[in-house]
Amino acid sequence: MEIYQLIVQYRDMSGMSQIEAAKELSITPSALSKYENNNAQISIKMFVQMCKIYGIPKDVFVNALLHPEELTIRNLPIAKEKSDDYDEFSTDHILDLYKANPIYFQYFHVFNELPADKQEPFIQMLKSFIAFQR
């Protein structure tokens, strides 16, 4: 399943119209329609925003980027409530680093597998590692 198909499915699951979703995303309904019809490339930043407002689980986000062929309409998890789980460090920062080095994306995947009480120490370790790499 391609990302554009995924966002259509989860927008539908969220019960939002294109107009409502476009307003939440601060884009025009026409721009959203282009994304949903694969007539425009969705940036990672926009995809993260869509994940937040549509309640797309983090594991689906990761699979959409790493293994889109494994996602089908039949195996999509139910959408969650609108989510702030996609904080700046765990998405934008790691995804920017991924462009430079795929090993960082593996760290992002490990982070998402950790229980909540282990995520903060892992973030601190990653911040130290990233600072060391610069």
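Residues numbered from 1 in each chain as written. Predicted model: local features only at pLDDT ≥ 70, side-chain atom pairs only at ≥ 80, totals over all residues. Heavy atoms only, no water.

**Digging into the overall build of the protein chain**
For the protein chain, the helix and strand inventory stands at eight helices and zero strands. In sequence order, the protein chain lays out its α and β elements as α-α-α-α-α-α-α-α. Looking at the 134 residues of the protein chain, the share that counts as buried comes to 38%. For the protein chain, restricting intrachain contacts to residue pairs at least 6 apart in sequence, the fraction spanning at least 24 positions comes to 61%. (Helix = DSSP H or I, 4+ residues; strand = E, 2+ residues; numbered from the N terminus. Buried < 20%, exposed > 50% of the residue type's maximum accessible area, 1.4 Å probe, protein only. Contact = heavy atoms within 4.5 Å.)

**Things to note about the packing of helix α1 (residues 3-14) against helix α5 (residues 58-66)**
Running from amino to carboxyl end, α1 crosses α5 at an angle of 155°, the nearest separation of the two axes being 10 Å. Here α1 is positioned roughly antiparallel relative to α5, judged by the angle of their axes. Between α1 and α5, the residues in contact are I3, L6 and Y10 and V60, A64 and L65, respectively. (Axes fitted to C-alpha atoms, helices over the stretch in contact; angles between N-to-C directions. Parallel < 35°, antiparallel > 145°, perpendicular 65-115°, else oblique.)

**Some words on the nonpolar core**
Among soluble globular proteins, nonpolar side chains are generally buried collectively. Ranked by size, the top nonpolar core spans 27 residues in total, and within it L6, Y10, L25, L32, F47, M50 and Y54 carry the most contacts. Broken down by secondary-structure element, the contributors of at least two residues to this core are α1, α2 (18-25), α3 (29-36), α4 (44-54) and α5. The biggest single contributor to this core is α4, with seven residues. (Core = buried A, V, L, I, M, F, W, Y, C linked by side-chain atoms within 4.5 Å.)

**What to know about the pattern of salt bridges**
Any two side chains of opposite charge can pair, given that their charged atoms come close. A complete count under the given rule lists two salt bridges for this structure. The residue R11 makes a salt bridge to D12 at a minimum N-O spacing of 3.8 Å. When its relative accessible area of 10% is taken as the criterion, R11 is described as buried. The shortest N-O distance in the salt bridge between E36 and R11 comes to 2.5 Å. Here R11 lies in helix α1 and E36 lies in helix α3, a separation of 25 residues in the sequence. There is no split in this pair, since E36 and R11 are both buried. (Salt bridge = Lys/Arg side-chain N within 4 Å of Asp/Glu carboxyl O.)

As far as function goes, none of this settles anything; it's purely spatial.
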